[in-house]
Every structure is written in C-alpha cells, then in structure tokens.
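Coordinate inspection notes
Residues per chain are reported as follows:
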Amino acid sequence: MPEDITLSVFRGDKGGGDEVEYKVPMQTGMVVLDALHFIQAHDAPDLAVRWNCKAAHCGSCSAEINGSLKLLCKTRVDDYVGEVIHVRPMHTFPVIKDLVTDVSWNYDMLRQVPAFQPAIKAPFTLQQRDVDRIQEFRNCIECFLCQNVCHVLRDHSAQDRYWGPRLMIRFAELEMHPLDTGDRMELLKGAAGIGMCNITKCCTVVCPQGINITDNGIIPLKERVADVYWDPLGGLVRKMHK
Amino acid sequence: MAQTAESLQPAKRKSHSLPYWVEPTFTVLALGLFGLYTLWLVFFQSSGQFHNYLSPFFSPTESWGIKVLPAIWVLWSPLLFRATCYYYRKEIYRGFLHDPMSCAVPEKRKHYFGETRFPFSWTNLHRWFWYVAVIVLVFLWIDAVQAFIFNGHFGVGLGSLIMLANVILLSAYTFSCHAFRHLIGGGSQKFTCADGRPTTRYKLWNRISAWNENHGTYAWISMFFVWFTDVYIRLLMHGVIHDVRFF
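Being a predicted model, the structure only gives us computed values, none of them experimental.

This next bit is on the overall build of chain A. When helices and strands are counted, chain A shows 10 helices and seven strands. Expressed along its principal axes, the backbone C-alpha trace of chain A runs to roughly 75 × 40 × 30 Å. Sequence-distant contacts in chain A: of pairs separated by 6 or more residues, those separated by 24 or more amount to 62%. Just so you have it, chain A exposes about 10600 Å², and 53% of that area is on carbon and sulfur atoms. Separation between the mean location of the 27 positive side-chain charges and that of the 31 negative ones in chain A comes to 7 Å.

Take the domain arrangement of chain A next. How big an interface is tends to be reported as the loss of accessible area on association of its parts. Residue and element names in this part refer to chain A. Each assigned domain of chain A is listed with its residue range as follows: domain 1 (4-101) and domain 2 (104-241). Taking the mean C-alpha position of each, domain 1 and domain 2 sit 31 Å from one another. The partner domain 2 presents 16 residues to the 15 residues of domain 1 that form the contact. For the pairing of domain 1 and domain 2, the buried interface totals around 1200 Å² over both sides, and the portion due to carbon and sulfur atoms is 57%. Taken together, the connections running from domain 1 to domain 2 amount to one salt bridge. A salt bridge links Glu 64 to Arg 154; the nearest nitrogen and oxygen atoms lie 2.9 Å apart. In this assembly, domain 1 and domain 2 are joined by six residue pairs in polar contact (both at pLDDT 80 or more). Within the residue set of the side of domain 1 that touches domain 2, elements represented by two or more residues are strand 3 (62-65) and strand 4 (68-71).

Bringing the side chain of B:Ser209 into the picture now. Residues and elements named next belong to chain B. Relative to the helices and strands, Ser 209 resides in helix 7 (residues 200-212). When its relative accessible area of 9% is taken as the criterion, Ser 209 is described as buried. Here Trp 205 takes part through its backbone oxygen, which lies 2.7 Å from a polar atom of the side chain of Ser 209.

A few words now on a nonpolar patch on the surface. All names here are of chain B. The grouping of Leu 33, Leu 36, Leu 39, Trp 40, Phe 43 and Phe 44 at the surface amounts to a nonpolar patch, some 680 Å² of accessible area in total. Here Phe 43 is to be found in helix 1 (residues 22-44). Overall, the relative accessible area of 54% leaves Phe 43 in the exposed class.

A separate point is the packing of aromatic side chains. Under the counting rule described, the total for this entry stands at 31 aromatic pairs over all chains. Between the aromatic rings of A:Phe116 and A:Phe124, the centroid separation amounts to 6.3 Å while the plane-to-plane angle is 80 degrees, which identifies the pairing as edge-to-face. Residue A:Phe116 is classed as partly exposed on the basis of its relative accessible area of 30%. Classification of A:Phe124 by relative accessible area gives partly exposed; the value is 26%. Consider the rings of B:Tyr37 and B:Trp40, whose centres lie 5.6 Å apart with planes at 45 degrees: the pair is tilted. A residue pair is termed a helical-turn pair when its members lie 3 or 4 positions apart in one helix, as B:Tyr37 and B:Trp40 do in helix 1 at three residues. Judged by relative accessible area, B:Tyr37 falls into the buried class, the value being 15%. Residue B:Trp40 is classed as partly exposed on the basis of its relative accessible area of 36%. Across the ring face of B:Phe113, the terminal group of B:Arg117 is positioned such that the distance to the ring centre comes to 3.6 Å. If you follow B:Arg245 out to its NZ or CZ, it ends over the ring of B:Phe150, 3.8 Å from the centre.

This part takes up the state of the cysteines. Two cysteines, two sulfur atoms, one covalent bond between them: this is a disulfide. Across all of its chains, the model carries one disulfide over all chains by this definition. With its sulfur 2.2 Å from that of its partner, A:Cys202 forms a disulfide with B:Cys103. Disulfide A:Cys202-B:Cys103: the torsion about the S-S bond is -90 degrees, which places it as left-handed. Separated into two different chains, A:Cys202 in helix 8 (residues 202-206) and B:Cys103 in the loop between helix 3 (86-95) and helix 4 (126-146) make up a pair that spans both. Residue A:Cys202 is classed as buried on the basis of its relative accessible area, which comes to 5%. No disulfide involves A:Cys140; its sulfur sits 6.2 Å from the nearest other cysteine sulfur, which is in A:Cys146. Its relative accessible area of 22% is what places A:Cys140 among the partly exposed residues.

Turning our eyes to something else, we now look at the interface of chain B and chain A. Tallying the contact residues gives 56 residues for chain B and 58 residues for chain A. In total, chain B and chain A occlude about 4600 Å² of area from one another, counting both sides; carbon and sulfur atoms represent 50% of this. Looking at the side of chain B facing chain A, the largest losses of area belong to B:Tyr86, B:Tyr112 and B:Gln189, adding up to 15% of the total buried there. Put simply, chain B and chain A have four salt bridges between them. A class-by-class count of the residues in the side of chain B that touches chain A yields 22 nonpolar, 18 polar and 16 charged.

As a further point, take the environment of B:His153. All names here are of chain B. One can find His 153 in strand 4 (residues 153-154). Take His 153: its relative accessible area is 57%, and that puts it in the exposed class. Spatially, the C-alpha atom of His 153 lies 26 Å from that of Ser 171, the residues being 18 residues apart in sequence.

With that out of the way, let us pick up the nonpolar core. Core analysis: the largest hydrophobic core is formed by 79 residues, its most contacted members being A:Leu7, A:Leu36, A:Leu72 and A:Met168. In this structure, this core is formed jointly by two domains, domain 1 (4-101) and domain 2 (104-241) of chain A, each of which donates at least three residues. Apart from the residues lying within four places of it in its own chain, the contact partners of A:Met168 are A:Tyr162, A:Trp163, A:Leu188, A:Ala192, A:Ile194, A:Ile218 and A:Leu221. Listed in part, the 38 residues of the second largest apolar core include B:Phe81, B:Cys85, B:Leu140 and B:Val226.

What counts and how
- Residues numbered from 1 in each chain as written.
- Chains lettered and ligands numbered in written order.
- Predicted model: local features only at pLDDT ≥ 70, side-chain atom pairs only at ≥ 80, totals over all residues.
- Heavy atoms only, no water.
- Helix = DSSP H or I, 4+ residues; strand = E, 2+ residues; numbered from the N terminus.
- Contact = heavy atoms within 4.5 Å.
- Areas by Shrake-Rupley, 256 points an atom, 1.4 Å probe, with all protein chains shown as cover.
- Lys, Arg positive; Asp, Glu negative; His and termini not counted.
- Charge placed at Lys NZ, Arg CZ, Asp CG, Glu CD.
- Domains from an automatic or database assignment.
- Buried area = accessible area lost by both parts, 1.4 Å probe.
- Salt bridge = Lys/Arg side-chain N within 4 Å of Asp/Glu carboxyl O.
- Polar contact = N/O pair within 3.5 Å; in protein donor to acceptor, adjacent residues only side chain to side chain.
- Buried < 20%, exposed > 50% of the residue type's maximum accessible area, 1.4 Å probe, protein only.
- Patch = residues over 30% accessible without salt bridge, like charges linked within 9 Å, V, L, I, M, F, W, Y side chains within 5 Å.
- Phe/Tyr/Trp six-rings, centres within 6.5 Å; stacked < 30°, edge-to-face > 60°.
- Lys NZ or Arg CZ within 6 Å of the ring centre and 35° of its normal.
- Disulfide = S-S within 2.5 Å.
- Nonpolar A, V, L, I, M, F, W, Y, C, P; charged D, E, K, R; others polar.
- Core = buried A, V, L, I, M, F, W, Y, C linked by side-chain atoms within 4.5 Å.

Dropping the structure here:
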C-alpha cells in the first residue's frame, strides 16, 4: 500500500478562499503537480492549476509550497514526508481561481521595454564570448517567481514604481547585447525604478533556472546607471575615449 | 535551450535549512560588535603600533597636517566602502532594516523607497569609496612589507604573517568588488577584437567575475581578520602576549 500524503490546497478566487485538505497516495518520483492532478482526477475536477510542460521549461506552474516559492513540477512530494504540503497561489498577483493567478501585468511591462536596436542589419555573426553573458538571461522561463518574491512588489505593492527582477533581466539582456545601440538608462532609472531594488537577492534565490539575477543582471545595470548619473568624471573619460 | 545543472537536481528539502532569522541575527551581532569595537578605537585609542607592526585601523600614520582623531583619519574610507558595498547592503537591509528579513517573510514597515532617496541613494557612490579604499590598501601593503623588517633586517614573526594575510584578504575583498568588476570590463558591450581574439578587458572582467562569486566570503573573512590583526597588535602593545619570531 502506498503511503498517503496530505495536501492542503488553496481553493478560492479574487473574492477570497481557504485551504482544503486532500489525501493522495504517494508514488515514487511524484512531484506536487502530480499530486494536484490526482486530486483533479479523483476529488476535485474543478481545481484550477496552470501547467504545460511538466519539465520546468514553460514556467507555468509557479506556486508557494509550504512558504517556499517553487515550480509545482520540480518539487518532489517525498521532500515533505510526515508533513502537510500547503499549496497556495503566488501572493503578489491577483488570484483568478485556486492556484491560477493573473500575471498579465508582467507582459504589459515587458512591452514597454524598448526593443533590440541593432547597429547593423541582420543577419549578423556574433562571437560566442560576446553573447555568453546575455544567454544566461535568455534562460528565463518567465515563471515570475522572482517577481513574486521581490519584496518591493510583494510587500509594498510598488508596481507603479518598480517593474521587478524579470524586467531588469530583460533590460540587461538588451543593454549588454554587443550590437544593441539603444539607450534605456533614463527609463531604467525613472519609470522602471531600478533604484527601488535593494539587492537582497531573493529573486536569485528562487530562480528555478539558476540565473544569477542580482550579481549578473541588476548590479551591472545599477553600475551603468551610476556611470550616467553618479560619475561625471567617468563620463568625461568615456567621451574622450570615444 | 540548455537546462541548468541545478534544475536537474531533486528539490532540496528546505525544512533542513537554518531558520530564516539566523542569518540576519548573525549580521546584526557581527556588524554591531565590529562597530562598537571601532568606536572604542576611534574615541579611546590614539595609536596602534608595536615596533614594526602597525594596526590596519591606524594606517597610514601620516596625516599631512590634517587635524583629526587618528582612527577617524583612516577609517572613514574603508567603512564607507564597506557600508556601500553591494554584499554588505544585502546583509544590512536584511539584518538591520528587515527590508526584508528573509525571502517571502512579510515586512512590517509600510513606507519603502529603496535606494531612491538619501541616505540610501548615496550607495551609488560606491565606486568613489572604492578608489579611496585602494589608496588605503597601498599603505597597508607597505605596512605588511615593513612587518618583515626588524631593525633593518629581514625577519618573520607571527605578527608579520598575520599582517600579510590581512592585506591579502583585504585585497581579495577590494578587487572582487562589483563596482570594480564593472569598471574593469563589465561596462563594455563587446569582448572581442576585430581579429577575433578576446580583449584584455574581457580577460580581466572574466577573472574578476570569478573572484566576485566569493565577494561575500571575502567581505566577512577580511573584516574579521582586520579585527583580529588589531587585537593581536594591541595585546603585544600591552605586553599581554609576546610575538613569536620564526627567524
């Protein structure tokens, strides 16, 4: 007989809700998403959970499991033997139903970042070492766990003053591209609000793709902002160098 | 798209990790005690020299006619360098300001402006404090060399080795800095010469990036070692212990 595990899953919508307990027989290699599928199949066919690839590639199944921010498809239930597994939707975004949240704000902000402005027309050849840096950022699967954990968005609801780590990575990807000619510094310092980030690194901690968001993305961007706004001497040297 | 090695591992069991308040508590205790010790040096100690050993808190001794307490003359730049350091900022925001105390731990403070307003906006001046910290580091290297010269002859004492280790650790901390990583090459968009070879800036940036991964470790170890070096020299000054001379 397989051992039963207990999941306490948030059921509700934007009007509110509460956790409901379900018993699920544990299988070898089972992840939390499997357990939720079992619940859908046997106990609650109306349980809403967003998922797609079940391979940590699509970034759809972000949730909060026992207070930790994770992908449902990457979290094994045998990590919680003897415990109740509490599954809740992402705190930062409005709940649509059960574990499904409305993350459209992220896409709205992404559309506001000025696109790639190449110095020459495609097709072009790039050296691998020139794009290694930005390829790390392109590993992003847009699970928005970094946006969810960012305390500026999560605790202070400052979406009007800071666009969050995912957007900073988008800025970094463009700003560090060897052929990009765009200048996004004013936007980055102004509406995108990079100054709101106090580099406490939670975004890096939760990233399921292992992207070093803070050290390789946000801090280099802060330094680029400092180049323009806090270092007149450096600016003069760069102008003379050009 | 390549999968990261981390994501191929089974999820780590979080309940085995330390409680979330341990790291911020350690930060408050360590930085708080270091701060109190520094204040004691500034206001109650006028010297840190024992023969050819000079405490890092009192180097350089030359003040070029500027009238100020000896320790203040030296300490303002390394302290500001550390206070604006990206690593220490994380620790300070988590430990002292609870902004946040740990990931996904709710914050009590309602008003938050990040680093957009004074005094935190001045953390953008980090590179300027780095420049000054490098000057201080030059003096500390001179002191470390002098720690091997006893009455005009080369020698090695335990204090010489401590001072050498101290300046090596401080150099590791200073040159693994995020601002330096940016200045040395991170600000460039291209890392390849016209002939396809890597630029010098790329090579330097690559090296500093590797050091930068351990910046936090260097930050703590170098801070504790500065402290230890001063305590060692102070104990020698007061005759509590005697220096071990190897030759």
